[in-house]
Amino acid sequence: MSVWRRDIVSNLRLLAGVEGKTAGEPPIASMGATNPPLIERPLFILDHIVSDGAQVTRPSIDPYREPTETEVYLLGGDLRLTMPIIIGGLTSVDAKHLDVVMLAGFRMGVGIHLENPPSLQFHVDVRRHVFLEASEGDLQGLQSGPVVFSIESVEELAKVRRAVKSLGLDTQLIARVPSSANRSLYREVLFAGFQTVIIDEDLGGEEPLEVSLSEADHTLKKLPINGFPARYYVGLIAASKRIRSSSDIFKLGGLGADACIIRDAWLIGVDYKPDIPAHQLSERIENLLIGMQREIKLLMGAAGVSSFQSSIVGNRELFRAIDLPYHMCERLGVKPAGE
Amino acid sequence: MGAGFARIRLDSARGWRVKAFAVSDTVAYQIFDMLEENGHVEVLSQPSPEYAPMNGALTSYTAYVDASYESLWSAVQEVNEVLWRDGFKGRIYSWGRFVDVYKGVGYPADVYSLYQMENRGLDADLWIAHTRQPTNSPGRLPVWSHPFSSGDWAIVHNGDISSFGSNMELLWSLGYESFVGTDSEVIAYLLDYLTSIQRLNVQEAVRILCNRFNRGLPDQESIKLFYRWRGARLDGPFSVIAGFCDGDDVYMVAFADRFKFRPIIVGEDENYIYAASEEAQIRTISPEANVWTIEPGDYFLASLKKGVIYPGRTLHERFYTLSTQLKHPPTTRDCIDASYMNYRMLNQAILERIKAGARQVDIINVRGQRYIGVGLDYPVKLRIFGTPGNCLANLNKSLEIEVFGNVQDDVGDVMTGGRVIVHGDARDVLAQAFQGGAIYVKGNAGNRCGIQMREYRDRRPVLMIGGRVDDYLGEYMAGGVIVVLGLNYLDTDVEIVGDCVASGMVGGTIYIRGKVSPRKIGLNPPRADVMQYLRGLLLEEMISLKEYEAIESLKDFSLITLREILSPEAVKHVSKLYVNKYWKELVVEYRRLSSSDLAVLQPHFEEFGKIFNLREEVNRVVEENYFTIIYPKPDTRTRVEEPEEG
């Protein structure tokens, strides 16, 4: 069965304005389940996780009339994203569109993950939002700002560490690691001066993203730096091309992600084609992001929560698992439904 | 049911007073043996039961120990964890040098007599009392009762914290291992951790927990503080009253959540400082105290030595100027003395007077009785002396109710006719779904006033407030008129309304004396989001640097302001952040009242001035002052009315 079920694609495209006439507007949904695992066949662990929702003594919040904060801070509080989303998957985008995507993302205040950065100079403002992938070879002339290193093992880290030394002080270091259970890697990465960790399922790894993310969150919470849990100094980002929707982002937030890198979701949502006119691409990205932000707000409101970063991120108590083996619930830290 | 008390006394330190519930003497001894096994705790006295042990039930034991804070903290964690694993035969629930907690199952009176508190001759610098109807944990064991305590903090809580899981994660990562599993306990642990371990001052710690919405310009320092302590921020409904002693001073804290989903009231008289869920509770002890509410997401802080340190509102000083001069109650034999009546008895007594032909019924010594006047559909006048409880005049059709005092929450809910006159202040959710008649309040009103007000044909409700109001004035308003006069803030530049005025408004008109900041009207996107977007437009040269800087320099702005500065093309873009399918354009005017405004308002101004003896002030305001006038932009095309969702 395809990850990209028709209703998922259709919802993204309605938000982006590719279909229909309600760009940026989430369809009003009820509380209750019309989705996996009860109605559709579940594909991922995420599909077994549901939001516990607001109830009488903890009322829901109407995000259209009352403030609901989707902003998240990364890089030690220096980078403010308007919503917990980073646009990735730009390797699939025609070179002539890179600027369009980056500017649209910048306007909307999300992050942009560039895996194969072209040798272009960014505006200094835009650069702050670009998570620029680098390897130890090409650090010459790198503009200051967030830099991402893909690190798959502790041995690799040693090489990176030497390269990092040649970087300026105002470079913010981000480690991109595979979706694995290699807990010692987080420790090494943090002690090497990295302040953000991306857990990227597309880099491989033997664990599903949900498990790896949740365990990373808990590992970092039990790792003290200056007597205080490391997790509260560092940012944790989840990445996978199978992150489909704002509800996936919402749930990954609950498992510990401050933000998510979305790849196929936005490409499919805006119906990306190399010949798409620039203004249309820009418009659709904006619409999609506004729509997803509103969906996240609606999900937060339905859970009786008004701040994503302080009340959703790592708040497993707001979620329950349906039809998930008990040992899996334990690893995720999510209670089975009914408990 | 559960109830409990905490007392904090500055000079009571005899070492740490550790209190534990245990199912038997044997378990109690085991608990204190385990504490000592930790190696850094010396038990100074034998554990003694605080009341006659009941077979198989948890009994409270006390003993004194000598230890450093850190050693005792970790020993308590260990012991509680072991007790929890061993099938819950006991638990240490309080350990402080200055704090003493008494809690149990039952009503407060039951706990009071269980601990024989009357005979103990207890005195304190701060008392906290609580009663609960459990929603989040079973109520059958005393460990789930409030107050919750950690170190020299004791707290009581009303609400349901939705950030509970995040707060637990932080505490767990800091080494807190054992929880009884109710959301309220995390508040005590967080406050104790932040002040005792992290050495934040009380004010900083409480500010983090309150988690107030960022109003206006973001300040970098607060952003960093809130980011660092994101695991300690509270979300969801709560009001909390807490006490703390650091050995030098005793602190009293009261705070409310950012939406103010739960009531909290504070007060002061010559001798004492008070905080409570309802004003009637304070009035029971101090009929003359000055009382006021806390702003949404704010905190009240007082100490034994310093008195009120922060009043919980920025505009406290003029707060009760209008409402303190109350008429003395009548002493005729005709009036109803509500002293020993519950609300049923009181409404019954009123009904009997009416049936006997009374055109006016006076009620004295009213103290917190709810639902007064509900179901009494007669064109008579009730004069209430005292503090009526919540839900006064709900569903009112014909009564005229005049209150010589302050009223509590939810007055005039779904009122369709008649009149309510309040000579003091009103609290939250005043005039909710108010649909006919008039409500006049001489003083201030609270949060969410006039929400969902509506009109139908000739039924047009009028809500007139002499003082100021908090957030969400006229939210979802669909009809009728709201007037906020701020007479206690004349000749100042103080804004007399809170945030999110007219959010979701679809009908009716709101008049607010003076200028209201654009960002306070409706729900606006965060300033940082808009500036980010504009920065993007600047990079693409869709707006000029001059335009960008003009907006950046404004203290606050709205879409209306942006329209005045930016090109229509740029406005079209940035509108996306403001406009959605539920958004309705509001017209905001700033001007003197016109003759057509006065055609509706003048009779009410006259009544208001006459009743409250404020003719001069009202006339002056009407003639001289500018008003911010808000109403939804009329539809340019007719459309089929769809039923509103519930």
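Computed from a prediction, not measured in an experiment: that's the story for all the values here.

Asker: Give a detailed account of the overall build of chain B, specifying residues and quantitative values.
Answerer: When helices and strands are tallied, chain B shows 15 helices and 28 strands. In chain B, 60% of the contacts between residues at least 6 apart in sequence involve partners at least 24 apart. Accessible area for chain B stands at about 26300 Å²; split by element, carbon and sulfur atoms hold 48% of it. Positive and negative side-chain charges of chain B, numbering 70 and 85 respectively, have mean locations separated by a distance of 5 Å.

Asker: Describe the nonpolar core, naming the residues involved and giving the relevant values.
Answerer: A general tendency of soluble globular proteins is for nonpolar side chains to be buried together. Formed by 125 residues in total, the largest nonpolar core has its most connected members in F194 and W266 of chain A together with L534 of chain B. If you look at the next biggest cluster of nonpolar residues, it comprises 104 residues, including V27, I31, A75 and Y102 of chain B.

Asker: Give a description of the environment of F434 of chain B that names residues and reports values.
Answerer: Residues and elements named next belong to chain B. Topologically, F434 is positioned in the loop between strand 22 (419-422) and strand 23 (438-441). Separated by 289 residues in the primary sequence, F434 and S145 place their C-alpha atoms 38 Å from one another. When residues no more than four places from it in sequence are discounted, the contact partners of F434 are G412, V414, M415, I439, Q452, M453, R454, P461, V462 and L463.

Asker: I'd like to hear about the sheet that holds strand 15 (residues 290-293) of chain B, residue by residue, with values.
Answerer: Residues and elements named next belong to chain B. Strand order in the open sheet formed by three strands is 14-13-15, with antiparallel pairing between adjacent strands. At either margin of the open sheet sits one strand with a lone partner, and together these are strand 14 (273-276) and strand 15. Each adjacent strand pair in this sheet contributes to an overall mean axis angle of 20 degrees, direction not counted. With four bridges connecting them, strand 13 (residues 265-268) and strand 14 associate as antiparallel partners. In the strand pairing of strand 14, G267 is matched with Y274.

Asker: Go over the packing of aromatic side chains, please, and point to the residues and values.
Answerer: Counting across every chain of the model gives 32 aromatic pairs over all chains. Ring geometry for Y64 of chain A and Y582 of chain B: centres 4.6 Å apart, planes at 65 degrees, overall edge-to-face. With Y64 of chain A in the loop between strand 1 (49-51) and strand 2 (72-74) and Y582 of chain B in the loop between helix 13 (568-574) and strand 27 (586-591), this residue pair bridges two chains. Residue class for Y64 of chain A comes out buried when judged on its relative accessible area of 13%. Here the aromatic rings of F228 of chain A and Y233 of chain A are separated by 5.8 Å at their centres, their planes lie at 80 degrees, and the arrangement is edge-to-face. Relative accessible area serves as the criterion here: at 1%, F228 of chain A is assigned to the buried category. For K19 of chain B, the ring lying beneath its charged end belongs to Y102 of chain B, and the centroid distance is 4.0 Å.

Asker: Go over the interface of chain A and chain B with me, naming the residues and quoting the values.
Answerer: Contact residues are listed per partner, giving 63 residues for chain A and 59 residues for chain B. When the buried surface of chain A facing chain B is broken down by residue, R65, R107 and Y232 of chain A rank first, second and third, together holding 15% of it. Taken together, chain A and chain B are joined by eleven salt bridges. D125 of chain A is the partner of R535 of chain B in a salt bridge, and the nearest nitrogen-oxygen pair spans 2.4 Å. Inspection of the chain A/chain B interface yields 36 residue pairs in polar contact (both at pLDDT 80 or more). A per-element tally of the side of chain A that touches chain B places helix 9 (residues 278-302) of chain A first, with six residues. Looking at the side of chain A that touches chain B, its residues break down into 24 nonpolar, 19 polar and 20 charged.

Asker: Got a sec to walk through unusual backbone geometry? Specific residues and values, please.
Answerer: Residue and element names in this part refer to chain B. The omega torsion of the bond from H146 to P147 falls at 0 degrees, within 30 degrees of zero and hence cis. Mapped onto the fold, P147 is located in the loop between strand 8 (126-132) and strand 9 (148-150). In this structure, R448 takes a positive phi of about 55 degrees despite not being glycine. Within the secondary structure layout, R448 lies in the loop between strand 23 and strand 24 (462-465). Its relative accessible area of 10% is what places R448 among the buried residues. Even without a glycine there, the phi angle at D491 is positive, about 60 degrees. Counting through the fold element by element, D491 comes out in the loop between strand 25 (478-484) and strand 26 (507-513). Overall, the relative accessible area of 67% leaves D491 in the exposed class.

Asker: I'd like to hear about helix 4 (residues 154-165) of chain A, residue by residue, with values.
Answerer: All names here are of chain A. Taking 1.5 Å per residue as the helical rise, helix 4 with its twelve residues ought to reach 16 Å, and the 17 Å between its terminal C-alpha atoms agrees with that figure. Listed as buried for helix 4 are L157, V160, A163 and V164. An end-on view of helix 4 places all buried positions within 115 degrees of arc, on one side of the element. Turned more than 90 degrees off the buried face of helix 4, the exposed positions are E155, R162 and K165. Where helix 4 is buried, its residues meet strand 7 (146-150), strand 8 (172-178) and helix 5 (183-191).

Asker: Please give an account of the sheet that holds strand 8 of chain B that cites residues and values.
Answerer: All names here are of chain B. Across the sheet, three strands lie side by side as 7-1-8; this open sheet has antiparallel pairing. Lying at the two open borders of the sheet, with one neighbouring strand each, are strand 7 (99-105) and strand 8. Between one strand axis and the next, the sheet turns by 10 degrees as a mean value, whatever way the strands run. Bridge count for strand 1 (residues 2-8) against strand 7 is seven bridges, and the pairing is antiparallel. Directly across from G2, in strand 7, lies its bridge partner V105.

Asker: Which residues make up the environment of R230 of chain B, and what values go with them?
Answerer: Here R230 of chain B is to be found in the loop between helix 7 (220-228) and strand 11 (238-245). Separated by 21 residues in the primary sequence, R230 of chain B and L209 of chain B place their C-alpha atoms 9.1 Å from one another. In this view, R230 of chain B contacts R231, Y232, V234, D258, Q309 and S310 of chain A; residues no more than four positions away in its chain are not counted.

Asker: Got a sec to walk through the environment of A95 of chain A? Specific residues and values, please.
Answerer: Residue and element names in this part refer to chain A. Structurally, A95 can be placed in the loop between strand 4 (85-87) and helix 2 (98-108). Overall, the relative accessible area of 63% leaves A95 in the exposed class. Along the sequence, A95 and E40 sit 55 residues apart, while their C-alpha atoms lie 38 Å from each other.

Asker: Give a detailed account of the packing of helix 2 of chain A against helix 10 (residues 527-539) of chain B, specifying residues and quantitative values.
Answerer: Viewed as axis vectors pointing N to C, helix 2 of chain A and helix 10 of chain B meet at an angle of 150 degrees, and their least axial separation amounts to 6 Å. Only Q532, Y533, R535, G536, L537 and L539 of chain B of helix 10 of chain B make contact with helix 2 of chain A, whose side of the interface consists of L103, F106, R107 and M108 of chain A. In the contact of helix 2 of chain A with helix 10 of chain B, the residues fall into six nonpolar, two polar and two charged.

Asker: Explain the domain arrangement of chain B residue by residue, including any values.
Answerer: Residue and element names in this part refer to chain B. You can read the domains of chain B as domain 1 (2-310), domain 2 (321-406), domain 3 (425-521 + 578-646) and domain 4 (527-571). Contact residues are listed per partner, giving seven residues for domain 1 and seven residues for domain 2. Roughly 580 Å² is buried in total at the junction of domain 1 and domain 2, and carbon and sulfur atoms are behind 45% of that figure. Of all residues in domain 1, the largest losses of buried area upon contact with domain 2 belong to E278, E279 and A280, amounting jointly to 59% of the total for that side. Here domain 1 and domain 2 share one salt bridge between them. Where R370 meets E278, a salt bridge forms, and the shortest distance between an N and an O atom there is 2.2 Å. At the junction of domain 1 with domain 2, the criterion picks out two residue pairs in polar contact (both at pLDDT 80 or more). No other element matches the four residues that helix 8 (residues 279-285) contributes to the side of domain 1 that touches domain 2.

Asker: Report on the packing of helix 4 of chain A against helix 5 of chain A, specifying residues and quantitative values.
Answerer: All names here are of chain A. Direction vectors running N to C along helix 4 and helix 5 enclose 10 degrees, while the axes themselves pass 10 Å from each other. Here helix 4 is positioned roughly parallel relative to helix 5, judged by the angle of their axes. Within the contact between the two elements, helix 4 uses V154, L157 and R161 and helix 5 uses S184, L185, E188, V189 and F191. The residue makeup of the contact of helix 4 with helix 5, split by class, is five nonpolar, one polar and two charged.

Asker: So, the pattern of salt bridges: which residues are in play, and what are the values?
Answerer: Residue and element names in this part refer to chain A. Inspection of the entire model under this criterion finds 73 salt bridges over all chains. The closest approach of N and O atoms between D47 and R244, which form a salt bridge, is 2.8 Å. Of this pair, D47 sits in the loop between helix 1 (6-16) and strand 1 while R244 sits in the loop between strand 12 (235-240) and helix 7 (246-254), and the two are 197 residues apart along the sequence. A single burial state applies to D47 and to R244, both of which are buried. Overlapping salt bridges, with partners in common, bring together E115, E133, R176, D200, D202, K241 and R263 in one network.

Asker: Give a description of the pairing of strand 6 (residues 130-133) of chain A that names residues and reports values.
Answerer: Residue and element names in this part refer to chain A. Residues V130 and L132 point to one face of strand 6 and F131 and E133 to the other, with burial holding for every one of them. Relative to strand 7, strand 6 runs parallel, the two being bridged by two bridges. Among the inter-strand pairings, E133 is bridged to a residue of strand 7, identified as V148.

What counts and how
Sequence order as written defines the numbering, with residues in each chain counted from 1. Written order decides the labels, with chains lettered from A and ligands numbered from 1. Local features in this predicted model are restricted to residues whose pLDDT is 70 or higher, and side-chain atom pairs enter the listing and the counts only when it is 80 or higher, whereas totals over whole chains, interfaces and linings include all residues. Hydrogens and waters are ignored; side-chain quantities use all the structure's heavy atoms. Numbering of helices and strands runs from the N terminus, with a helix taken as a DSSP run of H or I at least four residues long and a strand as a DSSP run of E at least two residues long. Contacts between residues were defined by any pair of non-hydrogen atoms, one from each residue, lying within 4.5 Å. All accessible-area figures derive from a Shrake-Rupley calculation using a 1.4 Å probe, and residue coverage is judged against the displayed protein chains alone. In this tally Asp and Glu are treated as negative and Lys and Arg as positive; neither His nor the chain ends contributes. To locate a charge, the coordinates of NZ of Lys, CZ of Arg, CG of Asp or CD of Glu are taken. To define a nonpolar core, start from buried Ala, Val, Leu, Ile, Met, Phe, Trp, Tyr and Cys residues and group those joined through side-chain atoms within 4.5 Å. Relative accessibility thresholds used throughout: buried, under 20% of the residue-type maximum; exposed, over 50%; partly exposed, between the two (1.4 Å probe, protein chains only). Paired strands are those between which DSSP finds at least two bridges. Axis definition: a line fit to C-alpha positions, over the contact stretch in the case of helices; interaxial angles, taken between N-to-C directions, run 0 to 180 degrees. Each pair of aromatic rings taken from Phe, Tyr and Trp, with Trp reduced to its six-membered ring, is defined by centres within 6.5 Å and is described as stacked if the planes are under 30 degrees apart, edge-to-face if over 60, and tilted in the remaining cases. Placement of a positive charge over a ring is assigned whenever Lys NZ or Arg CZ falls within 6 Å of the ring centre and within 35 degrees of the normal to the ring plane. Summed over both partners, the accessible surface that disappears when two parts come together, traced with a 1.4 Å probe, is what is meant by buried area. A carboxyl oxygen of Asp or Glu within 4 Å of a side-chain nitrogen of Lys or Arg is what we treat as a salt bridge. For the purposes of these results, a polar contact is taken to be a pair of N or O atoms within 3.5 Å, where, inside protein, one atom must be able to donate a hydrogen and its partner to accept one; residues adjacent in sequence count only when each atom of the pair is a side-chain atom. Gly falls in the polar group here, along with every residue not listed as nonpolar (Ala, Val, Leu, Ile, Met, Phe, Trp, Tyr, Cys, Pro) or charged (Asp, Glu, Lys, Arg). Here, expected helix span is obtained from the residue count minus one, scaled by 1.5 Å. Of all possible arcs, the one meant is that of the directions from the helix axis to the C-beta atoms. Residue ranges assigned to the domains are those given by an automatic or database domain assignment. Put simply, angles under 35 degrees are roughly parallel, angles over 145 are roughly antiparallel, angles from 65 to 115 are roughly perpendicular, and the rest are oblique.

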